[in-house]
Structure formats: structure tokens, C-alpha cells
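Observations on chain architecture
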Amino acid sequence: MKFLLSVLLLCGTTTLFAQQPEKKQVTVKGTILEEGTNYPLEYATVSFINPQGKTVTGGITDTGGKYNIDVPEGKYTVQFEFISYKTKQLTNQNLTKNTTLPNVSLALDAASLDEVVIRSETTEVQVRLDKKIYNIGKDLTAGGATVSDALNNVPSVTVDVDGAIALRGNENVKILINGKPSAIAGFGSTDALRQLPAEAIERVEVITSPSARYDAEGTAGILNIILKKEKTLGLNGSLSTSIGVPLNSNASGNINLRTDKFNIFNTTGVYYRNSPGNAYFNNKYFTRTILDDNGNPISIDPQFDQVIEDRRYDRMGKGFNTNLGIEYFLSEKSSITASGFYRKSDGDDETTNNTANYNNNILEEQSRRLENQIEDRSNYQFSLNYVNNFNDKGHKLTADLQYDRGKDTERSLITEQRTLPNFEILPAEDIINKENEKEYLAQVDYVLPIGENAQFEAGYRGDFEETITDYTLLEEAGTSGNFIRNDSLSNVFTYDENVNAFYTQYGNKFGKFSFLLGLRLENTQLKGKVAAENVSENTPFDLNFDKNYTGLFPTVNLTFEIKDNENITLGYNRRINRPRNWYINPFPSRSSEANIFQGNPDLDPAYASAFDLGYLKRWKKLTLTASVYYQNETDAFERVQEETGDVTSNGIPIIRTLPINLSTNERYGFETGLLYNPTKWLSLNGSFNYFLFKTEGFYNNVDYGAENTSYFGRFSSKFKLPAKIEWQTNAFYRGPSNNSQTESEGILSVDMAISKDIIDDKATLALSVSDLFNTRKRNSLTTTSTFTSESEFQWRQRQVLLTFTYRFNQKKQRQRPDRMGGGDEGGFEG
């Protein structure tokens, strides 16, 4: 509210000044910081008051806490204000020439903390020039949910029904935890985000035009997940527990103890949940033509011209996760943080696949395939962070060391029985898949301000990752109960990805124009090695490989400030998409006998050049953002489906999904967002993203070129009702889309939640419904020359959750700046 009043005040004083006799103008500069932390205060108000007590002019600080204001020469009292902080004044300032005032530190005003609560809840989305910041804790629908669920409400982000995360329709997103790759995010797999509670994270930063400081990986951009770490002195924390239908129970808590010398923080959660889902496949097969040994065409009719699969998923999972750390303040300007993260989860999933085989619409065969999968996962991470702020002007050195380790064991017993035309028990399969991952990371960043507005930065990051996949297939001999190892498919696949990166960037500001130019050098080594008894006859790929790539990745970010509340930005960056280990592993999955996925060790990295033109304007109650973007990607990944030439034991052709490098992938898009707070009791926000992408490429003499236009939009409303009740509704719709072979229908999803503060505002009771109309399903149609496949997939059915949260010594979602600014990886702000 004070910020809005300040804007009105400036408008009024500007009008008053226009009526005064013209005086010589001088420029006054300075910086406003938080007392005790030296953290810059953005949007702090600076007022110039003449001896008669009238405010002549004023301004606000930028994201670096700096102000630059033109003032008529004269004698003034300079007043500094910021919401919930004590006001300060510099009296008898005789300003007759351009002047840089000393830094001003504002202390927190404990008596006004309630005002912070009002301001912090006016919006769930903060918009910055280079990023959008989504505050998870302010989303009522996130109570009792997972990080994956919460990400689906983030602007520009979509989460598919099977958990695939996309940014502006592009799934090649780099996910960071506190600014770094982490086992917490699952080494690139989105499954781990379905196990982490949303309560464990503070905010998500969406970065669509990253600077050279960030990894070059992720052609779509970066999602940076910031974990909770309280900044308030004393002992404080919260506890949260949820129960839902279908069965979904979880409990989590966070606690902080902060003094002037150290900060101990911990977030711990447990869960036990059931996630039922379903899928449907209608496959139709046509006569195909092959060449015999003499080169003559031969027509082969399928054994069945239609195969229908009806799948039911019954997933039971339980898990535990904890994050414990201590931050020790070596001095007012430096600190060292040590933290550890551990996650343990167990799954017991049952997939029932009922198959019906037809010829000429006549049912000829029925079977039932049952897969019981037991999964045991564990991850742990140790990290060490050092921060040294040499002065109050941004001269800074940070260093990080991190070690991650993950283990995942899956055991699946697959049994099948034919029920038509005769009852028959078919041989079973026992599949054991063990995956061990470890990652080492070392990073150092150095920032050196030059003069008033310039900044130089340089750094290094080394990321060394190894994944060992041990796959064992045991096949039953008849129905004897004795299992024999299949040495043609059983294997151990070792995949190494080593990345060394150096970067430098320079930024400066001239009046209303600022720029940030950067260059990143990355060397990538991809190594794969297979150990197996007999694989030479089963794959056309070179299973052992050692590839090395070195690339330069320039970045350009330009900003022009039309007014204090209006900006235009232009960004360019070159990025890389490295294939993950499951895209490289050449051995097929066996969850479905007739539908398999097989990795491609011949995959090379894809490279993209991206441009982004953005616009931002803030009014009194409304914020508008808009951007136009273009991306050109070479050797882009695409998953294609083809017949393998093999058939199942009952004669059904086996269809393989294979990732390949296509020659070109172009994306054009437009994005806009609105944040509107018409009153204290109502806040609205919405976004719309429209994009077109073109793909060109051939594989096995087949043209996989395609052109697709799609869009998605979301809308959120929050009402503050009497009796401290809040009601929120989120709606999301993704339009139809297609690639070279598959067309997908649109998806509508609506979430709703209502909450009430109780126990003197120390606790909150919330009731939420996820996927209110049970419509979050993916319907698609794949068409080739030899078959069509119509499918419907629903990962999880509609869910109802009741959540209770209790806070001790902690204001509801009170926001404070981070003392050392850690975890944000904030870039140059002109």
C-alpha cells in the first residue's frame, strides 16, 4: 500500500514541480540497504522535502537498492522509507551539484509486520525483467501437494499427465535446486519431483533468457527451485498434515533457529499415498509390404487387425525426506553453509493390462497381463557453500561443493494368462533393474562492480555424473516356476557425462539503457559402455562410445526503461540439449510386450539459438507482461514409432518408440500475462501462451516433418471472504497439438481450494480438490503406413485433500530478504 501511495505522491509532486519557476537540476544517487544484512531494498521510497515541509520530488530504488533522481538545486531533508522498516532522514542536505549520498541502512520495524502480511498476499506471482517468481506458499491448492503438482500452476510451465515438464511447450527444461543441479530434482528425471512435498520449497523462478552464469543446458530455459530457509531471528517454524481421497496422507514440518552468528534450518516430510490411474490403447494394423531375399515385394497380413489394451494402475507409495543445514556467519559480510538432504521412498505398483485381439470386428483372443513392481529408492546430497561480500556495493565471491548419490531398485514380476479361445497360463518374466547415480559438482563465482553502474563477473562450474544401469531379465521355462536369465537382453550400461564450464559477463547502464553481455565455454564428454553376454545380434547400434563436444554459448540481455514502471527487454542466448541416460540406453523396456521404448546411443546433443523480446508495465493495480520469442534448434530430439519386424508370442507386431536427431526444429511464440488486484479482497492473474513449431527431418527414408500450432492458458482467482476465509480457483487449458506422427487433443484441468485461519491466525485449515472435473487425460492418435494407435492416459484421478497447518513464532507467509542472498543466482540488474 505504501508503494502505491508513493507512486501517487510522485505523480502529484511532479505536477507541483511543473508549476514552479525552472531551477537548475542536479542528480542525486545512492543505495538503500537492510540493516544487519546489507541486502538491497527494492522499491524503497526516496523523498526530497524542502524547508517549508513540502515534498518537491522523489523516486524509488531498483532491484539493486539504488536510486538515481533529478532534483532542483536547493536545501532538503532526504527521507527514506520502505514497508515495515523504520523511516530515516538526512537533514540539511545542500544539493547544488551532482551528489552521491552515503549508503542508508533501514532497520526492521517489528510493530508494522502485520502490514507486510497484507502486501505479501496481494499476489502469488512476482514479475521481474528476466524471470517470473512463483511463491508456492501462497497457493492454497498447493497444500498437501507435490512439487510436480505445484509447478503446473507456474506461469509459462506445463506438466503433462505423465509428469513431463515443459516451458512454453518445450520439454527440454533444465531444473535446478537453489541454483545448482541436484539429486533432489532426480538427476533430470521428473519422478523425484512427485515425491517432494510442495511445502518444502519457498519459490520457483522461471528463467526464459538465462545469462552466461547459468548452465547452457535446457533449450527451453531454466526452472530454479528455491528451498525454504527462514530469515527471521529466533526459533520459528511450521507443521502441516494432510489426508485425502484417494488415499493421500502426508505430514511435513520446517523449523529454523537463527541468531546473529548462525542459522539452523530443517525441513522434513513423510507421505503414504495411493495414485490410481488408467490407460486405453486401440491399435489397428494394416497389410505391410517387405522385400524378400531377391528384392521382390511381399505382402504380409497381420495376425490380428485390431488389438485393444485396457490398463489399470494401482500405485502405492510411501516415503521420507529431510533437508538439514547450518549457516554460520563468519562476519557481517561472509558466511559458510553446510547442508545435507536425504530421501527414501518405496513403491508397490500393480498394473493390469487386459488385451483383446480382433479380426474383422470378431473377438478371437483375450489375455490378461499383470505386472507387480516393487521399487526402492534413496538419494542423499551433501553441499558446502561459502559467500564473501567484500563490500556493500556488490563485490562478491561465492564457492560451492556438492556431492549427490542416488540408488533405485525396481523388481517387476510379469505374469500373463490367455482366457480366450482357451484358458492358458503363459510363461512369466521377472525383471530386475538397478540404477546407481553419483554426481560431483564444484563451482566458483566472482562479481566485481566497476564504478556506479558497471559490473564484471566470471566463474567456473564442473559437473561430473555417472549412471550405472544393471538390467536383468529372467524368463520362466514354460510354466515350471523355474526362471532362466536372458543373456541377450540382460546387461550393465554405464553412462558418464562430464561438463567443464567457464564463463564471463559484463553489464553496464547508461541512462535508461542497460546491457549484460556474456560468454560461456562448455566442454562435454559423453561416455557409454555395455557389459553383456550376448548383444551383438540384437542391436544395430554402437553400444560403446566416447564423444567429446566443445561449444561457445554467447548471451545478450538488453533493457530499456521507458518509465520507472515500464520496460522493454531483448534477450539472445545459445543453448545445448544433451541426451539423458534413458535416451541413450539401447535396451528396450518390457512393461508392454507389444509396445516398447528403446534408447539410441547414436544421439548427439542438440543446439538452439533463442531470441526473446519482452515488455513489462505496472499500473496502480495491474501488471502486464508480454513477450515474443523465436528458437531455432538443430539436431532436435524427436520420438518416432516404427515396427521392429518382430512379433509377440501370439503374433502381434512389436512397435518400438525410438528417440532420434531430426535436422531442424523451429519455434515461434507469443506470451502474455496479467496480474490484477482490484481490491484488498480479490486478486486475479492469468496468462496465455501461443506457439508454432516446425520440424523437418528424415529417418529410414521416412519424412517426419511436421508443423504444429498450439496454445495453453491459465487463470487463477483468490477471494478473501469474511471470517478469515479464502477461496481460490485455478483453471488450465492446453490446446490440441501434434508432431510428425501423433495428434493430441486439448486438456482441461480445474483445481479449487478454500481455507480458514484459526487459533489466533497461528493455524490454517484448507480443503482442496485437484482436477475437479476429472478431465486431466491425454487423448492422442498415432498414424503410420502400417498401423494406427488411439490412446487415452490418466496418471491420477481426481483428488480431494484436507490440510492443517500450524505456525509457531512465524507470521503467515512473511517475506524478508535473504541475508547473504544465497540460492538465488541473481544476475546483473542495470
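Per chain, residue numbering runs from 1 following the sequence as it is written. Whole-chain, interface and lining totals are the exception, using all residues; otherwise, since this is a predicted model, local features are given only for residues with pLDDT of at least 70 and side-chain atom pairs are given and counted only at 80 or more. To get the side-chain values, take all heavy atoms of the structure and skip hydrogens and water.

**Examining the overall build of the protein chain**
Heads up, the rule is: Labels follow the DSSP assignment, with helices taken as runs of H or I lasting at least four residues and strands as runs of E lasting at least two, numbered in each case from the N terminus. We call two residues in contact when some of their heavy atoms are within 4.5 Å.
Along the protein chain, the regular secondary structure elements total 4 helices and 47 strands. Considering only contacts in the protein chain between residues 6 or more positions apart, those separated by 24 or more positions represent 68%.

**Description of the environment of Thr 259**
Cut-off, in case you're wondering: For the purposes of these results, a polar contact is taken to be a pair of N or O atoms within 3.5 Å, where, inside protein, one atom must be able to donate a hydrogen and its partner to accept one; residues adjacent in sequence count only when each atom of the pair is a side-chain atom.
Following the sequence through the fold, Thr 259 ends up in the loop between β17 (248-258) and β18 (262-285). Sequence spacing of Thr 259 and Gly 234 is 25 residues, and the spatial spacing of their C-alpha atoms is 6.2 Å. Looking at Thr 259, its side chain comes within polar contact range of the main-chain nitrogen of Lys 261, at 3.2 Å.

**Examining the side chain of Asp 612**
Heads up, the condition is: Relative accessibility decides the category of a residue: with a 1.4 Å probe and only protein chains considered, values under 20% of the type maximum give buried, values over 50% give exposed, and everything between is partly exposed.
Within the fold, Asp 612 resides in strand β33 (residues 606-618). For Asp 612, a relative accessible area of 9% translates into the label buried. Non-local contacts of Asp 612, meaning those with residues more than four positions away in its chain, are made with Arg 168, Thr 208, Thr 569, Leu 570, Gly 571, Ser 627, Val 628 and Tyr 629.

**Section: the packing of aromatic side chains**
To describe a pair of aromatic rings, one takes the distance between the centres and the angle between the planes. Definition in use: By convention, a stacked pair of Phe, Tyr or Trp rings (six-membered ring in the case of Trp) has centres within 6.5 Å and planes under 30 degrees apart, an edge-to-face pair has planes over 60 apart, and any other such pair is tilted. Lysine NZ or arginine CZ positioned within 6 Å of the ring centre and within 35 degrees of the ring normal marks a charge as sitting over the ring.
By the definition in use, this model includes 24 aromatic pairs. With a centroid separation of 6.4 Å and 20 degrees between ring planes, the pair formed by Phe 553 and Tyr 607 is classed as stacked. Residue Phe 553 is located in strand β30 (residues 545-563), and its partner Tyr 607 is located in strand β33; the two are separated by 54 residues in the primary sequence. Neither residue differs from the other here; Phe 553 and Tyr 607 are each classed as buried. For the cation-ring pair, Lys 547 lies above Phe 545, with the distance from its terminal atom to the ring centre recorded as 5.6 Å.

**Here's the deal with the environment of Ile 432**
Relative to the helices and strands, Ile 432 is located in strand β25 (residues 424-450). It is 5.8 Å that separates the C-alpha atoms of Ile 432 and Glu 410, two residues lying 22 residues apart in sequence. Not counting chain neighbours up to four residues away, the residues in contact with Ile 432 comprise Glu 410, Arg 411, Asp 470, Tyr 471 and Thr 472.

**Section: the sheet that holds strand β2 (residues 45-49)**
Our working rule: A pair of strands counts as paired when DSSP detects no fewer than two bridges linking them. The axes are straight lines fitted to the C-alpha atoms, using for helices just the contacting stretch, and the angles between their N-to-C directions are given from 0 to 180°.
Overall, antiparallel pairing links the 4 strands, which are arranged β3-β2-β5-β6 in an open sheet. Single-partner strands in this sheet number two, and they are β3 (55-60) and β6 (88-95). For this sheet the average axis-to-axis angle between neighbouring strands, irrespective of direction, equals 20 degrees. Sheet topology places β2 next to β3; 5 bridges connect them, and they run antiparallel. Of the residues in β3, the one forming a bridge with Thr 45 is Ile 60.

**Things to note about the nonpolar core**
Quick note on the threshold: To define a nonpolar core, start from buried Ala, Val, Leu, Ile, Met, Phe, Trp, Tyr and Cys residues and group those joined through side-chain atoms within 4.5 Å.
Judged by nonpolar contacts, the single largest core of 22 residues is most densely connected at Phe 493, Tyr 495, Phe 545 and Ile 584. When residues of this core are traced back to their parent elements, those giving at least two are β26 (454-476), β28 (491-510), β29 (513-531), β30, α4 (581-584) and β33. A total of 3 residues in this core trace back to one element, the largest contributor, which is β30. If we ignore the near neighbours within four places in the chain, the residues touching Phe 493 are Thr 467, Ile 468, Thr 469, Gly 528, Lys 529, Val 530, Leu 543, Phe 545, Asn 581, Ile 584, Asn 585 and Pro 586. Membership of the second largest hydrophobic core comes to 20 residues, among which are Val 71, Phe 80, Phe 82 and Val 104.

**What to know about unusual backbone geometry**
Geometrically, the link from Val 245 to Pro 246 is a cis peptide bond, its omega value of -10 degrees lying close to zero. Pro 421 follows Leu 420 through a cis peptide bond whose omega is 5 degrees. Among the structural elements, Pro 421 can be located in the loop between β24 (396-420) and β25. Backbone geometry at Asn 361 places phi at a positive 65 degrees, although glycine is not the residue there. Relative to the helices and strands, Asn 361 is located in the loop between β22 (334-359) and β23 (362-389). A relative accessible area of 68% places Asn 361 in the exposed class.

**Focus on the confidence of the model for the protein chain**
Filter applied, for reference: Each residue carries a pLDDT score, the predictor's confidence in it, ranging from 0 to 100.
Per-residue confidence for the protein chain gives a mean pLDDT of 82; residues scoring 70 or more make up 84%. The model gives residues 1-21 a pLDDT under 50, and that stretch makes 19 contacts with residues more than four places away or in other chains. Contacts for the low-pLDDT stretch residues 812-830, under 50 throughout, to residues beyond four places or in other chains number 77 contacts.

**A look at the pairing of β26**
For a regular strand, side-chain orientation follows a simple rule: the groups alternate between the two sheet faces. Alignment of β25 against β26, held across 22 bridges, turns out to be antiparallel. Directly across from Asn 436, in β26, lies its bridge partner Ile 468. As consecutive antiparallel partners, β25 and β26 are separated by 3 residues, and within that stretch Gly 451 has a phi angle of approximately 70 degrees, a positive value. Of the pairings in the sheet, the one linking β26 to β28 comprises 17 bridges and is antiparallel in character. In the sheet register, Glu 465 faces β28, and the bridge partner there is Glu 497. The pairing of β26 with strand β27 (residues 483-485) spans 3 bridges and is classified as antiparallel. In the strand pairing of β27, Glu 475 is matched with Ile 484. Count of turn residues in the β26/β27 antiparallel hairpin: 6 residues, of which Gly 478 carries a positive phi of about 65 degrees.

**Quick word on the pattern of salt bridges**
Put simply, the rule reads: For this document, the term salt bridge refers to a Lys or Arg side-chain nitrogen within 4 Å of an Asp or Glu carboxyl oxygen.
Per the stated rule, a full pass over the model turns up 25 salt bridges. The salt bridge partner of Arg 377 is Asp 408, with a shortest N-O separation of 3.1 Å. Placement of Arg 377 in strand β23 and of Asp 408 in strand β24 is noted, with a sequence separation of 31 residues between them. With respect to class, Arg 377 is no different from Asp 408; both count as buried. Asp 604 is the salt-bridge partner of Lys 547, the closest N and O atoms lying 3.1 Å from each other.

**Section: the environment of Asn 274**
Residue placement: Asn 274 occurs in strand β18. Taking the relative accessible area as the measure of exposure, Asn 274 reaches 16% and is therefore buried. For Asn 274 and Pro 246, which are 28 residues apart along the polypeptide, the C-alpha to C-alpha distance reads 6.3 Å. Beyond its immediate sequence surroundings of up to four residues, Asn 274 is in contact with Pro 246, Leu 247, Asp 314, Arg 315 and Met 316.

**A word on a nonpolar patch on the surface**
Rules: Residues enter patches when their relative accessible area tops 30% and they take part in no salt bridge; the joining distance is 9 Å for like charges and 5 Å for the nonpolar side chains Val, Leu, Ile, Met, Phe, Trp and Tyr. Methods summary: accessible areas were calculated by the Shrake-Rupley approach with a probe of 1.4 Å, and residue burial reflects only the protein chains presented.
A surface patch of nonpolar side chains, about 890 Å² in accessible area, is lined by Ile 243, Val 245, Leu 247, Tyr 272, Leu 721, Trp 727, Ile 754, Leu 765, Leu 767, Val 800 and Leu 802. At the level of elements, β16 (234-245), β44 (763-770) and β47 (799-808) are the ones that each hand at least two residues to the nonpolar patch. The topology assignment puts Leu 765 in strand β44.

**Here's the deal with the pairing of strand β45 (residues 778-783)**
Bridge analysis of strand β42 (residues 742-744) against β45 gives 3 bridges, and the strand direction is antiparallel. By the bridge assignment for β45, Thr 742 is matched with Thr 782. Pairing between β45 and strand β46 (residues 787-794): 6 bridges, direction antiparallel. Pairing of Leu 781 across the sheet is with Glu 790, part of β46. In textbook terms, the turn of a hairpin is the stretch between consecutive antiparallel strands, and for β45 and β46 this stretch comprises 3 residues.

**Notes on the side chain of Thr 742**
Tracing the sequence through the fold places Thr 742 in strand β42. Polar side-chain contacts of Thr 742 include one of 2.7 Å to the side chain of Thr 782.

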